[in-house]
Amino acid sequence: MYRIATKRRLHDTVTLMEIEAPGMARKAQPGQFIILRIDEQGERIPLTIAGYDREKGTVTIIFQKVGATTRRLDTLEEGESIQDFVGPLGKPSELEGKQGKKIAVIGGGLGIAIAYPQAKALHEAGADVDVIVGFRSTSLFILMDELKDACTNLYVMTDDGSNGHKGFVTTALEEQLKAGVQYDEVIAIGPLPMMRGVCNMTKEYDIPTIVSMNPIMIDGTGMCGGCRLTVGGETRFACVDGPDFDGHLVDFDEAISRSKMYKAEEAASMERHADCNLMKKGETANA
């Protein structure tokens, strides 16, 4: 069992947890992920490692309440435990030899939680890091103080312009490129359409671009094949070959199509979760 050491709500739909997992904390690296299962009846879900503290022996996860399992996870409090917490899985991001490089780390939505540890590691390694992040509105901001400390320049965009900078992450990236900023590398993490948009732009400027792929995943060992992607015309598995890939080689159209395969099942799962909660409330009221 893995104890929840800290729980913090970043906003209404996003929660941060620090999980006591000393063995994993000793080995975890930016870019890797874990697979957790709340209990024997639960499904297994992958979550990217958003941070780790080797001295405290904790691993940080950040999740959004989008499905039945993440909603159940959000009901757990500090001191309670998760049955299975497996990792670190996947290949760490390649962050060596970046000293003195000019790098843009771009995050969209919850991808910002994944982008942060990479930006932090690059910044600490001596890279000149621009962080570009995008939110729908200021009410959804997360990790702002942490991001400021993990870069040279921070550019924040909002879809609705509520922070005074309206547009997408590609808007800010294009502004920097047109101003003559020369990036040695771009790292993009977030929704598939966002990453595709970044890659289309950087390809025009011939800038190497890495993306972090998070497709449907079950076992995290390459056995199930659920996380397969087409990269450079060949089949790759995000869990063992990634999750980082050359963004200019990823078949995003296929990845987006595959991401929608289980929408009906996800909706049915949410309905069962809602019915279960109603039954529990009814039982409490009758008691």
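Here goes a summary of the coordinates provided. The shown structure was predicted, so the numbers you read here are calculated from the model rather than taken from an experiment.

**Concerning the state of the cysteines**
Now for step 1: Evaluated as defined, the whole model comprises 0 disulfides.
Now for step 2: Cysteine Cys 224 is unpaired, with the sulfur of Cys 227 as its nearest cysteine sulfur at 5.8 Å.

**What to know about the pairing of strand β3 (residues 33-37)**
On a regular strand, one side chain projects to one face of the sheet and the next to the other, so that they alternate.
Now for step 1: Summarising burial for β3: 4 of the 5 residues are buried, a large majority.
Now for step 2: Taken together, the 4 bridges between β3 and strand β4 (residues 45-53) define a ladder with antiparallel strand orientation. Counterpart to Ile 35 in the pairing with β4 is Pro 46.
Now for step 3: Here β3 runs beside strand β7 (residues 84-89); their pairing, made up of 4 bridges, is antiparallel. Across the sheet, residue Ile 35 finds its bridge partner in β7, namely Val 86.

**What about the sheet that holds strand β5 (residues 58-64)?**
Now for step 1: Sheet architecture is open: 7 strands sit in the order β6-β1-β2-β5-β4-β3-β7, paired in antiparallel fashion. What marks the edges here is a single partner per strand, and that holds for β6 (81-82) and β7.
Now for step 2: Pairing geometry for strand β1 (residues 2-11) and β6, over 2 bridges, is antiparallel. If you follow Arg 3 over to β6, its bridge partner there is Ser 81.
Now for step 3: Against the sheet, helix α2 (residues 68-75) engages β1, β2 (14-20), β3, β4, β5 and β6, with an angle of about 125 degrees to β5.
Now for step 4: Packing of helix α3 (residues 111-124) onto the sheet brings it into contact with β4 and β5, and relative to β4 it is tilted by some 35 degrees.

**Considerations on the pattern of salt bridges**
Where side chains of opposite charge bring their charged atoms close, a pairing between them can arise.
Now for step 1: One pass over the full model with this rule turns up 15 salt bridges.
Now for step 2: Note that Lys 120 is salt-bridged to Glu 124, the shortest N-O span being 2.9 Å. Of this pair, Lys 120 and Glu 124 both sit in helix α3, 4 residues apart, which is roughly one turn of that helix.
Now for step 3: Relative accessible area serves as the criterion here: at 33%, Lys 120 is assigned to the partly exposed category.
Now for step 4: Three or more residues joined by partner-sharing salt bridges are found here, namely Arg 9, Lys 65 and Asp 74.

**With respect to the packing of helix α6 (residues 192-204) against helix α8 (residues 252-259)**
Now for step 1: Orientation of α6 relative to α8, taken along the N-to-C sense of each, is 175 degrees, at an axis distance of 10 Å. Taken together, the axis directions place α6 and α8 in an arrangement best described as roughly antiparallel. Listed contacts from α8 to Leu 192, Pro 193, Met 195, Arg 196 and Cys 199 of α6 are Phe 252, Asp 253, Ala 255, Ile 256 and Ser 259.
Now for step 2: Partitioning the contact of α6 with α8 into residue classes produces 7 nonpolar, 1 polar and 2 charged.

**What to know about the packing of aromatic side chains**
Now for step 1: One pass over the structure, following the stated rule, counts 2 aromatic pairs.
Now for step 2: With centroids separated by 4.7 Å and ring planes inclined at 50 degrees, the aromatic side chains of Phe 135 and Phe 141 adopt a geometry described as tilted.
Now for step 3: A relative accessible area of 5% means that Phe 135 is categorised as buried.

**Description of the sheet that holds strand β8 (residues 102-108)**
Now for step 1: What the 6 strands build is an open sheet, ordered β10-β9-β8-β11-β12-β15; its pairing is mixed. Edge strands, defined here as strands with exactly one partner in the open sheet, are β10 (153-158) and β15 (244-246). Neighbour to neighbour, the strand axes of the sheet diverge by 20 degrees on average, direction disregarded.
Now for step 2: In this sheet, β10 lies alongside strand β9 (residues 128-135) in parallel orientation, the contact comprising 6 bridges.

**Regarding the side chain of Thr 170**
Now for step 1: The topology assignment puts Thr 170 in helix α5 (residues 169-178).
Now for step 2: On the accessibility criterion, Thr 170 (19% relative accessible area) is buried.
Now for step 3: In contact with Thr 170, other than residues within four places in its own chain, are Gly 197, Val 198 and Met 201.

**Here we look at the nonpolar core**
Now for step 1: With 34 residues, the main nonpolar core has Ile 106, Leu 173, Met 195, Val 198, Val 211, Met 213 and Phe 252 as its most contacted residues.
Now for step 2: For this core, the element with the most residues is α6, which contributes 6 residues.
Now for step 3: Beyond its immediate stretch of four places on either side in the chain, Met 213 contacts Leu 192, Met 195, Leu 229, Ala 238, Pro 243, Phe 245, Val 250, Phe 252 and Ala 255.
Now for step 4: Membership of the second largest hydrophobic core comes to 29 residues, among which are Leu 95, Leu 122, Phe 135 and Cys 151.

Calculation criteria
- Residues numbered from 1 in each chain as written.
- Predicted model: local features only at pLDDT ≥ 70, side-chain atom pairs only at ≥ 80, totals over all residues.
- Heavy atoms only, no water.
- Disulfide = S-S within 2.5 Å.
- Buried < 20%, exposed > 50% of the residue type's maximum accessible area, 1.4 Å probe, protein only.
- Helix = DSSP H or I, 4+ residues; strand = E, 2+ residues; numbered from the N terminus.
- Pairing = 2+ DSSP bridges.
- Contact = heavy atoms within 4.5 Å.
- Axes fitted to C-alpha atoms, helices over the stretch in contact; angles between N-to-C directions.
- Salt bridge = Lys/Arg side-chain N within 4 Å of Asp/Glu carboxyl O.
- Parallel < 35°, antiparallel > 145°, perpendicular 65-115°, else oblique.
- Nonpolar A, V, L, I, M, F, W, Y, C, P; charged D, E, K, R; others polar.
- Phe/Tyr/Trp six-rings, centres within 6.5 Å; stacked < 30°, edge-to-face > 60°.
- Core = buried A, V, L, I, M, F, W, Y, C linked by side-chain atoms within 4.5 Å.

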